[in-house]
Each structure stands twice: as C-alpha cells, then as structure tokens.
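Report on the structure
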Amino acid sequence: MQFITKEKYSEIIQDLKEINLFNLFLSVIGVIMFQSLVIKIDKLISQNLNVKDSENGFHIIRRIQHFTTSLVILILSCYLPLICSQIALLVGTIFLFIIYLIRMIFPKFNENFVKSYGELLRKSEHNSQIGSFYFLLGLTIVIFSFEIRIFYLSCIILGVGDPTAGIFGKLISSPIIYAEKNISGTFGSAICSLISII
C-alpha cells in the first residue's frame, strides 16, 4: 500500500474535482434499481412456478445478481477516477456493516430486511452478516492495496468463479472439502475463472 505524498494528494484532489457527481448519482441509483428488479423477477418466478429459487439448490437468481453486480462494479471502475472507485467501495462496505449492526440490534428491522431481500439470502444469512459485505470488503482491500489491473481481475474472478462453483458443485457429485464446498465446484470455478481472464 502506497503512502499519500504531496503530489499524490494533489492528484487525488484533481480527480475529485473532475468527478461528474450527477453521473455518479445515476450509477448508484441504477445499481439499487437493478437489485430491486432482480428481487421482483425472483418473486415472479416463485409465484408462476410455485417454487422458490432457493429451494431447488441452484440459487440461479442469486448467482445472476452476483455476476451482474461484479460486472457493474468493473465497468464503473473503468470509467470513474480511481479515488472515486475506492471511496464508493469503502462507503458501500461501511454501509453494509452498519446495516448488519442495525439488524442485530433491532429484530423487527431484521425481520423486514429478510422479508424484502430473503430471496437473495442464504438461510444462514437471515441472522448473520450477508455475503455481499465480504464481497465488497475483499474488493475494497484489493483496490486500495494493488494495481488497478489486479482489481479488474478480482472482479472478473469473483463474478465468474463464485457463481460457477455452486453450479458445478450441485451438478457433479464429489467429496466435500469444507462445509458445503466440494471438489467439482472448486475445479469448475477454477477452470471458468481461468477461461474468463484469458
């Protein structure tokens, strides 16, 4: 991690001055609306097929949401100044942590949260930190610690590798490595991630 020098500080201030706040605002609103749209689609599928996506074990809607969120973050980070991307990820991570604290302190808030976003959550996340927090935390650490191209690779690997791991793990039976993670899911994830970054 690099320390902020006087020249670097001047560069950061210049980047902040060049940020188009209206475009940034529209980007944030777009991501929020996308999340809401995913939930609506999942509820429509659940009603029409009379089965929840989470019940079939594949969590397809959750995996699509995971992939597209990674893609949106990747695209935005290509067009926004580095400092803007860093701040956005840091604020997002802190925001999810605050939401978690509120959920743990106020059971009624957590109940409403699960009711609204339950289709995108694992059962284990109903009363614990959600996976999105660790997703953003990992990307935040990477964007502050490494070159931007490493961050781009991280977005691609997270967006492709994590969803495909679950799909391969469910389709091909194999020995369990840890918790519900198995060998087929791990190899499937590794192969798809490698293909995506070539």
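Structure shown above.
We now turn to the structure provided with this report. Please read all numbers here as calculations on a predicted model, not as lab measurements.

1. Some words on the overall build of the chain
A tally of helices and strands in the chain yields eight helices and two strands. The linear arrangement of helices and strands in the chain, starting from the amino end, is α-α-α-α-α-α-α-β-β-α. Here the chain holds 198 residues, and 33% of them are scored as buried. Partitioning the intrachain contacts of the chain with sequence separation of at least 6 by distance along the chain shows that 65% fall at a separation of at least 24. In the form shown here, the chain has an accessible surface area of approximately 13100 Å², with 70% of it arising from carbon and sulfur atoms.

2. As for helix α5 (residues 107-117)
Among the residues making up α5, those that are buried are N110, F113 and V114. In a view along the axis of α5, the buried residues occupy a sector of 95°, so they form one face of it. Projecting away from the buried face of α5 at angles above 90 degrees are the exposed residues K108 and K115. Looking at the packing, one finds that the buried side of α5 touches α4 (82-105).

3. Quick notes on the packing of aromatic side chains
Under the defined criterion, the tally for this structure stands at four aromatic pairs. Measuring from ring centre to ring centre gives 5.2 Å for F133 and Y134, while their planes differ by 75°; the resulting arrangement is edge-to-face. Exposure remark for F133: the relative accessible area of 10% places this residue in the buried category. Following the ring pairs from residue to residue traces out a cluster consisting of F97, Y100, F133 and Y134.

4. Notes on the environment of Q129
Along the chain, Q129 falls in the loop between α5 and α6 (131-145). Since its relative accessible area comes to 9%, Q129 is described here as buried. Each C-alpha atom of the pair Q129 and I99 lies 9.2 Å from the other, and the pair is 30 residues apart in sequence. Ignoring any residue separated from it by four or fewer positions in sequence, one finds Q129 in contact with L96, F97, Y100 and Y134.

5. Thoughts on the side chain of S77
Within the secondary structure, S77 is located in helix α3 (residues 60-79). Residue classification places S77 among the buried residues on the basis of a relative accessible area of 6%. Those residues within four positions of S77 in sequence are excluded, and the remaining contacts are S85, F151 and Y152.

6. With respect to the state of the cysteines
Evaluated as defined, the whole model comprises zero disulfides. The thiol of C155 is not disulfide-bonded; the next cysteine sulfur, from C78, is found 8.4 Å away.

7. Looking at a nonpolar patch on the surface
A contiguous nonpolar surface patch, about 490 Å² in accessible area, is contributed by F146, I150, L153, I157, L194 and I197. Mapped by element, the contributors of at least two residues to the nonpolar patch are α7 (148-171) and α8 (183-197). Here the nonpolar patch gets three residues from one element, more than from any other, and that element is α7. Summarising the element assignment, F146 is placed in the loop between α6 and α7.

Conventions and cut-offs
- Residues numbered from 1 in each chain as written.
- Predicted model: local features only at pLDDT ≥ 70, side-chain atom pairs only at ≥ 80, totals over all residues.
- Heavy atoms only, no water.
- Helix = DSSP H or I, 4+ residues; strand = E, 2+ residues; numbered from the N terminus.
- Buried < 20%, exposed > 50% of the residue type's maximum accessible area, 1.4 Å probe, protein only.
- Contact = heavy atoms within 4.5 Å.
- Areas by Shrake-Rupley, 256 points an atom, 1.4 Å probe, with all protein chains shown as cover.
- Arc of directions from axis to C-beta.
- Phe/Tyr/Trp six-rings, centres within 6.5 Å; stacked < 30°, edge-to-face > 60°.
- Disulfide = S-S within 2.5 Å.
- Patch = residues over 30% accessible without salt bridge, like charges linked within 9 Å, V, L, I, M, F, W, Y side chains within 5 Å.
- Salt bridge = Lys/Arg side-chain N within 4 Å of Asp/Glu carboxyl O.

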